[in-house]
Amino acid sequence: MGDQMKDKTVVVTGGNNGIGLETAVGLSKLGAHVVITARNQAKGEAALADIKDRSQSDSVQLMLADFASLSSIRDFAANFKKDHDRLDVLVNNAGGVNTSRSETQDGFETTFGVNHLGYFLVTNLLLDMLKASAPARVVSVSSRAHERRKGMNFDDLNSKQSYSGMGVYGDSKLANVLFTYELARRLKGSGVTANCLHPGVVRSGFGQNNGGFISFAFKSFYTLLTPVTKSNAQGAKTSIYLASSPEVEGVTGKYFADSKETPSSPASHDEEAAKRLWEISEQMTGLAAAPA
Ligand SMILES: NC(=O)c1ccc[n+]([C@@H]2O[C@H](COP(=O)([O-])OP(=O)(O)OC[C@H]3O[C@@H](n4cnc5c(N)ncnc54)[C@H](OP(=O)(O)O)[C@@H]3O)[C@@H](O)[C@H]2O)c1
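Residues numbered from 1 in each chain as written. Predicted model: local features only at pLDDT ≥ 70, side-chain atom pairs only at ≥ 80, totals over all residues. Heavy atoms only, no water.

A. Main features of empty space enclosed by the protein. The full count for this structure, using the stated rule, is 1 cavity of 30 Å³ or more. Of the pockets and cavities examined, the largest cavity occupies roughly 30 Å³. Around the largest cavity sit F67, A68, S69, L70, T104, D106, F108, G113 and L117, which together line it. Residues of the lining of the largest cavity, tallied by class, amount to 5 nonpolar, 3 polar and 1 charged. (1 Å grid on protein atoms, 1.4 Å probe; cavity = no way out; pocket = protein on both sides within 12 Å on 5 of 7 lines; lining within 4 Å. Points joined across faces, edges and corners; volume = space filled by probe spheres on them. Nonpolar A, V, L, I, M, F, W, Y, C, P; charged D, E, K, R; others polar.)

Now the structure itself:
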């Protein structure tokens, strides 16, 4: 137990499994009040008990949020605000890869909808509270997979024309970096920082939501590569560092790996694309009206 995060309130989305679960354990051990989100009550409760047990902290809470539903995200943000009077750190972590195309409740392609629009909407809904709690931090889990993409495919953000599971995943993780950099520009002077990260190649539940052979293949891949992949606890280190370390107080608009600032791809620095993605995301999530 430490007290580095004493009196701080932290939200970790997708805190019931993998990297998010270990991020929650780590931040609880540092004394934070940690709220995890899960989309499944039973999984969330099991994680809650595990986090409390391993961190020896009772200051951990579960709230439900399905990031494939804009109304569920809105309900979560409203419930969080009802229950809490501050938010010091938001860790956007919930996400995954989907090898076949599906749609969210609101008709968006699922990987883009959950991994990008989910981060975008929950952050914007909690932004007033983060600002009021400043200094505060937004930490978004991206991936090196963003480097494989040359730019956002604005003509087909919902992948209706063509679909590749890893391609769409890479787009969503590029969107996480573009979003972070644009957020940092918009938050200049507010005392709220925005950074993103690559957690490493981590033996989590990643890819195992796809069922059948694909889930088996993802699991086997990560298991076979055990000597060079990270445990969930190792994979959570950069998220915990960005959420808590005094070394990054005031640092904003950066991409990290292994708790060090690292260059992100040239495409992630395209300010026009970041602004365009922000405006489209505002319309898609209903934060702004679509043009007439
Ligand atoms: N593992 C890696 O090698 C790796 C590498 C780079 C980046 N990442 C990123 O790390 C983050 C965490 O992933 P992980 O590796 O820890 O995988 P994971 O073990 O599968 O955990 C993902 C978490 O996100 C939640 N989630 C997924 N879809 C959701 C939805 N629609 N609504 C609410 N929650 C949802 C999952 O909930 P359920 O348990 O209910 O599915 C789970 O809690 C992701 O953003 C991923 O892109 C992972």
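B. Layout of unusual backbone geometry. Here the amide bond leading from A134 into P135 is cis, since omega sits at 5°, within 30 degrees of zero. Examined against the element boundaries, P135 turns out to sit in the loop between α4 (110-132) and β5 (136-141). The phi angle at D7 is positive, at roughly 70°, despite the residue not being glycine. (Helix = DSSP H or I, 4+ residues; strand = E, 2+ residues; numbered from the N terminus.)

C. Focus on the nonpolar core. Judged by nonpolar contacts, the single largest core of 78 residues is most densely connected at L27, F80 and M152. Among the elements that line this core, the one with the most residues is α4, at 12 residues. Setting aside residues no more than four positions away along its own chain, M152 makes contact with F112, L157, D171, L174, A175, L178 and L277. Grouped together as the second largest cluster of nonpolar side chains are 6 residues, V97, A145, Y169 and Y222 included. (Core = buried A, V, L, I, M, F, W, Y, C linked by side-chain atoms within 4.5 Å. Buried < 20%, exposed > 50% of the residue type's maximum accessible area, 1.4 Å probe, protein only. Contact = heavy atoms within 4.5 Å.)

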